[in-house]
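# Understanding the architecture of this molecule
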There are 2 protein chains.
Amino acid sequence: MTDNKDNALVLENFLPYRLSYLTNIISHQLAQLYTTQFDITPHEWKILAILNRYPNISAADAGERTAMDKVAVSRAVKGLSEKSLLHKIFSREDKRRSVLNLTGQGTDLFHKIAPLVTDYENALLAILTKQEQEQLSQLLDKLTHHVTTEKS
Amino acid sequence: MTDNKDNALVLENFLPYRLSYLTNIISHQLAQLYTTQFDITPHEWKILAILNRYPNISAADAGERTAMDKVAVSRAVKGLSEKSLLHKIFSREDKRRSVLNLTGQGTDLFHKIAPLVTDYENALLAILTKQEQEQLSQLLDKLTHHVTTEKS
DNA sequence: TATTTATAGTTACAAATGAAACCTGTTTCA
DNA sequence: TGAAACAGGTTTCATTTGTAACTATAAATA
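In this text the structure is predicted, and so the values were computed from the model without any measurement.

Conventions we followed
- Residues numbered from 1 in each chain as written.
- Chains lettered and ligands numbered in written order.
- Predicted model: local features only at pLDDT ≥ 70, side-chain atom pairs only at ≥ 80, totals over all residues.
- Heavy atoms only, no water.
- Helix = DSSP H or I, 4+ residues; strand = E, 2+ residues; numbered from the N terminus.
- Rg over C-alpha atoms; globule rule 2.2 N^0.38 Å.
- Buried < 20%, exposed > 50% of the residue type's maximum accessible area, 1.4 Å probe, protein only.
- Contact = heavy atoms within 4.5 Å.
- Areas by Shrake-Rupley, 256 points an atom, 1.4 Å probe, with all protein chains shown as cover.
- Near = heavy atom within 4 Å.
- Polar contact = N/O pair within 3.5 Å; in protein donor to acceptor, adjacent residues only side chain to side chain.
- Nonpolar A, V, L, I, M, F, W, Y, C, P; charged D, E, K, R; others polar.
- Buried area = accessible area lost by both parts, 1.4 Å probe.
- Salt bridge = Lys/Arg side-chain N within 4 Å of Asp/Glu carboxyl O.
- Core = buried A, V, L, I, M, F, W, Y, C linked by side-chain atoms within 4.5 Å.
- Phe/Tyr/Trp six-rings, centres within 6.5 Å; stacked < 30°, edge-to-face > 60°.
- Lys NZ or Arg CZ within 6 Å of the ring centre and 35° of its normal.
- Least-squares fit on C-alpha atoms with pLDDT ≥ 70 in both.
- Expected span 1.5 Å × (residues − 1).
- Bend = angle between axes of the 7 residues up to and from the residue.
- Arc of directions from axis to C-beta.

### Looking at the overall build of chain A
Per the secondary structure count, chain A includes six helices and two strands. Secondary structure elements of chain A, listed N to C terminal, follow the sequence α-α-α-α-β-β-α-α. The globule rule puts the C-alpha radius of gyration for 152 residues at 15 Å, and the 19 Å found for chain A is more than 25% above it. Expressed as lengths along the three principal axes of its C-alpha atoms, the size of chain A is roughly 60 × 35 × 25 Å. The burial tally for chain A puts 47% of its 152 residues in the buried class. Partitioning the intrachain contacts of chain A with sequence separation of at least 6 by distance along the chain shows that 55% fall at a separation of at least 24. In the structure as shown, chain A presents an accessible area of about 8600 Å², 49% of it carried by carbon and sulfur atoms.

### Focus: the protein's contact with DNA strand C
Lining the immediate environment of DNA strand C, one finds 19 residues, of which Ala-60, Ser-74, Lys-88, Arg-96 and Ser-98 of chain A sit closest. For DNA strand C, the backbone makes up 52% of the atoms found within 4 Å of the protein, where backbone means sugar plus phosphate. Between DNA strand C and Arg-96 of chain A, the relevant distance is 2.6 Å, taken from a base oxygen to a side-chain nitrogen or oxygen of the residue. Contact between DNA strand C and Lys-95 of chain B: a phosphate oxygen at 2.9 Å from a main-chain N or O atom of the residue. Secondary-structure elements contributing two or more residues to the surface near DNA strand C are helix 3 (59–66) and helix 4 (70–82) of chain A together with helix 4 (70–82) of chain B. The greatest single-element share of the surface near DNA strand C, amounting to four residues, is contributed by helix 4 of chain A. Across the surface near DNA strand C, the residue classes tally to four nonpolar, four polar and 11 charged.

### Here we look at the interface of chain B and chain A
With 61 residues of chain B at the interface, the matching set in chain A holds 59 residues. Interface area, chain B with chain A, both sides summed: about 6000 Å², of which 70% is carbon and sulfur. Where chain B touches chain A, the interface holds four salt bridges. Across the salt bridge formed by Asp-141 of chain A and Arg-18 of chain B, the nearest N and O atoms sit 3.1 Å from each other.

### Focus on the nonpolar core
Formed by 94 residues in total, the largest nonpolar core has its most connected members in Ile-40, Trp-45 and Ile-47 of chain A together with Ile-40, Trp-45 and Ile-47 of chain B. Sequence-distant contacts of Ile-47 of chain A, defined by excluding residues within four places in its chain, comprise Ala-62, Met-68, Val-73, Ala-76, Val-77, Leu-80 and Leu-86 of chain A.

### Some remarks on the pattern of salt bridges
All names here are of chain B. Scanning the entire structure with this criterion turns up 10 salt bridges over all chains. Ionic pairing is found between Asp-94 and Arg-96, a salt bridge with its closest N-O pair at 2.9 Å. We classify Asp-94 as partly exposed; its relative accessible area is 23%.

### Let's talk about the packing of aromatic side chains
Residues and elements named next belong to chain A. Counted by the stated rule, this structure contains six aromatic pairs over all chains. Clustering of aromatic rings is evident, with ring pairs tying together Tyr-34, Trp-45 and Phe-110. The cationic tip of Arg-65 hangs over the ring face of Tyr-54; the distance from NZ or CZ to the ring centre is 3.8 Å.

### Regarding the relation of the copies chain B and chain A
One chain copy maps onto the other through a rotation about an axis and a shift parallel to that axis. When chain B is fitted to chain A, the residual RMSD is 0.1 Å, and the transformation amounts to a turn of 179° plus an axial shift of 0.0 Å. Each copy turns onto its partner about a two-fold axis. Looking at the interface residues of chain B, 93% of them are also at the interface in chain A, so both copies use one shared face.

### What about helix 5 (residues 104–125) of chain A?
The terminal C-alpha atoms of helix 5 of chain A, which comprises 22 residues, lie 31 Å apart, in line with the 32 Å expected from a rise of 1.5 Å per residue. The largest bend along helix 5 of chain A measures about 25° and falls at Ile-113 of chain A, with the proline Pro-115 of chain A one to four residues further on. The complete set of buried residues in helix 5 of chain A reads Gly-106, Leu-109, Phe-110, Ile-113, Ala-114, Val-117, Thr-118, Tyr-120, Glu-121, Leu-124 and Leu-125 of chain A. Buried-residue contacts for helix 5 of chain A involve helix 1 (15–35), helix 2 (42–53), strand 2 (98–102) and helix 6 (130–149) of chain A together with helix 1 (15–35) and helix 6 (130–149) of chain B.

### Digging into helix 3 of chain A
All of the buried residues in helix 3 of chain A are Ala-62, Gly-63 and Thr-66 of chain A. Take helix 3 of chain A and look down its axis: the buried residues cluster within an arc of 100°, on one side only. Those residues of helix 3 of chain A that are exposed and aimed more than 90 degrees away from the buried face are Ala-60 and Glu-64 of chain A. Where the residues of helix 3 of chain A are buried, they touch helix 2 and helix 4 of chain A together with helix 1 of chain B. A positive phi of about 60° marks Ala-67 of chain A, the residue just after helix 3 of chain A.

Rendered as structure tokens:
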């Protein structure tokens, strides 16, 4: 597969670059939606969202589901906890393992932010046809599956 | 089991999240390809690639083409320069403006790294049909155009 | 049981990043 | 002209992030 003449590498046509360019803009715009109005970081928002969806999970579980590393999770949990947005205890069966839950305030905040980000997503999707949305979803699945299962 | 009546925000279905997840993995794998073997950062690699393609451009031009901010460009240029991979002069017409070029060593390094990253891209694309590759390209264009023209 | 190995989470330190201040040189325009 | 505004690039400083070391539990094994 190394049959390329390598000056075929043109950054603006290069798939990883194009993906990264798009993603960075979207992530930044999305973060703007809540960092400006609410005192919460993107990492904290992820944890807030995953705990709304899956209560009672551990920090490790949350990291698994959000693809965040454990240090980032630990810091986000600490931040949310200090703002009284989540409640942490340790499991009685396994005292190493945390059990995380949103507080009432945390749930309230989630419900304030969620419409903002879903509106943003909807605006994005609205420029695609139903068929294109489906294509995009399948392409992302296919690529994600590839890069997560392939080993170097 | 999935009690999510309040709204539709489910992280694992959320387009910006899925995009970001995929992109982060790809960026990381890609960086591994050259950071382990060569003493060069991702920012430096971007500048190396863009200068191979467009010699004699300024730092501002390079930033424009790579979507890097000027501080990141400045540091990458400094790093490459210290490794004798690029040569910087200032324009005679406008002494503020830099004129950047790869050195012989810089060009050599580019030609070592380029096949690695294009092979990676090809392996990614190989799991898609020609038609899917075309779809992906069009979808990225459409989304990118939308998020860059819409004012935030 | 005692010893080692592994897991969950935190902390410490170093490197990367971003925002703003800071040159220096160029343009604008009264 | 000459002050003000602007543009290209660099530096500074505070924040974020990632890697590795560390604490404490739990599981494996011998």
